[in-house]
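Letter by letter, the chains look like this.
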Amino acid sequence: MAQKTYAGQPVEVNDEGYLVDASQWNKEIAAEMAKEEEIDLSDKHFEVLEFLRNSYEKGETLTIRRVGKSGIVDIKGLYKLFPGGPLKYSSKFAGIPKPASCV
Amino acid sequence: MAETKESPLKKVCIICAKGTIEDVYATLVMANGAVMEGIEAKVFFTFFGLDAITKKQMKRIKTATVGNPAMRAPGGLPFPTILGMIPGVEAGVSAMMKSQMYKLDIPPVDEFLEMITAGGGEIYACKLAMDMFKLEKKDLHEEVKDVLTIGDFYGKCGGENTQIIFT
């Protein structure tokens, strides 16, 4: 656990940099987190993040396949949006825990 | 003792030579898991592993109910090998395994291959095994990039922090 400041707001993050409390999330925090991975968040990115947050709130298990079937973006598109970690980075920027899933 | 610094894995080259559900899915899960983590993945299907990328066979892969000591009936009850010999048992068991996997959002083989290539993973078929089974490129799924000799495949397995995995 560590304290970090994103967009002027102190937040609690775990060892991998994921928010501990999903309710502390806002779009500015997401944008700053994404900058650390050299990703500029577009509206499309935020659509994915919203989808992830909604699924997380409903307690659904997140997989890359589910995001691919969301109607927002296909899997190839998801890799383009979040290079090097489609689910790893998108869930991080969405302020939710890293999905414990192998797919 | 000198301190050793760990450097992250960059590439995995996975060779799949068997055509059972568990061998094929282990290969696919590892390859997909790699690209999802930003690790380059190259997969080489050979011998019976070719079933996983052959259009005609890829939807029919099965798990062996004979000669599989880890095979148990639901609830952990013993599953004598002789039961596995009864016609239809292998198909039934295989269907059950697949349905359990789908519940965990693990897709059918063809969709899994698409997921891997969507992430930049590459799928190859072994030339020797193709010749042996009288298969041609057109018999293979569209996601298969090329038919290679093992030497060609090794040629793609170079680089720092690369691992070759044989399932």
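Check the entry above for the structure.
Each residue is numbered by its place in its chain's sequence as written, counting from 1. Working convention: letters from A go to chains and numbers from 1 go to ligands, in the order in which they are written. In view of the model being predicted, local features appear only for residues whose pLDDT reaches at least 70, and side-chain atom pairs are presented and counted only at 80 or more, with totals across whole chains, interfaces and linings using the full set of residues.

## Observations concerning the nonpolar core
Residues and elements named next belong to chain B.
Inference 1: Think of a nonpolar core as buried Ala, Val, Leu, Ile, Met, Phe, Trp, Tyr and Cys residues chained together by C-beta atoms that fall within 7 Å. Each residue is classed by its C-beta neighbour count within 10 Å, where at least 20 other C-beta atoms makes it buried, 12 or fewer makes it exposed, and intermediate counts make it partly exposed; the C-beta atoms are placed from backbone geometry. Core analysis: the biggest nonpolar cluster contains 61 residues, and Ala 41, Val 43, Phe 45, Ile 53, Ile 116 and Ala 125 have the highest contact counts within it.
Inference 2: Looking at this core element by element, the count peaks at seven residues for helix α1 (residues 21–36).
Inference 3: Contact between two residues is assigned when their C-beta atoms, built from the backbone, lie within 7 Å. Setting aside its immediate chain neighbours within four residues, Val 43 contacts Ile 14, Cys 16, Thr 27, Ala 31, Gly 121, Ile 123 and Tyr 124. Only DSSP runs of H or I with at least four residues qualify as helices, and only runs of E with at least two residues qualify as strands; both kinds are numbered from the N terminus onward.

## Section: the interface of chain A and chain B
The parts lose accessible area when they come together, and the size of an interface is often stated as this lost area.
Inference 1: Of the residues lining the interface, 15 residues belong to chain A; the matching set on chain B comes to 13 residues.
Inference 2: Elements represented by at least two residues in the side of chain A that touches chain B include exactly α3 (64–68), α4 (75–81) and α5 (86–93) of chain A.
Inference 3: Residue classes follow a fixed rule: Ala, Val, Leu, Ile, Met, Phe, Trp, Tyr, Cys and Pro count as nonpolar, while Asp, Glu, Lys and Arg count as charged, and any other residue, Gly among them, counts as polar. A per-class count over the side of chain A that touches chain B returns seven nonpolar, four polar and four charged.

## Digging into the packing of helix α2 (residues 43–57) of chain A against α5 of chain A
All names here are of chain A.
Inference 1: Orientation of α2 relative to α5, taken along the N-to-C sense of each, is 80 degrees, at an axis distance of 9 Å. Looking at the two axes, α2 sits roughly perpendicular to α5. Together, Val 48, Leu 49 and Leu 52 of α2 and Ser 90, Ser 91 and Phe 93 of α5 make up the contact between the two elements.
Inference 2: In the contact of α2 with α5, the residues fall into four nonpolar, two polar and no charged. Interaxial angles span 0 to 180 degrees and are taken between N-to-C directions of axes, which are lines fitted to C-alpha atoms, for helices over the stretch in contact. To sort the angles, those under 35 degrees are grouped as roughly parallel, those over 145 as roughly antiparallel, those from 65 to 115 as roughly perpendicular, and the leftovers as oblique.

## So, the packing of α1 of chain B against helix α4 (residues 109–118) of chain B
All names here are of chain B.
Inference 1: It is at 9 Å that the axes of α1 and α4 come closest, and there the two elements cross at 25 degrees. The angle between α1 and α4 falls in the class roughly parallel. Our pair here, α1 against α4, has a crossing hand that is left-handed. Between α1, through Val 24, Leu 28, Ala 31, Asn 32 and Val 35, and α4, the contact on the second element is made entirely by Val 109, Phe 112, Met 115 and Ile 116.
Inference 2: Tallied by class, residues from the contact of α1 with α4 come to eight nonpolar, one polar and no charged. By convention, the crossing between two helices is left-handed when the near helix turns anticlockwise from the far helix through less than a right angle, and right-handed when the turn is clockwise.

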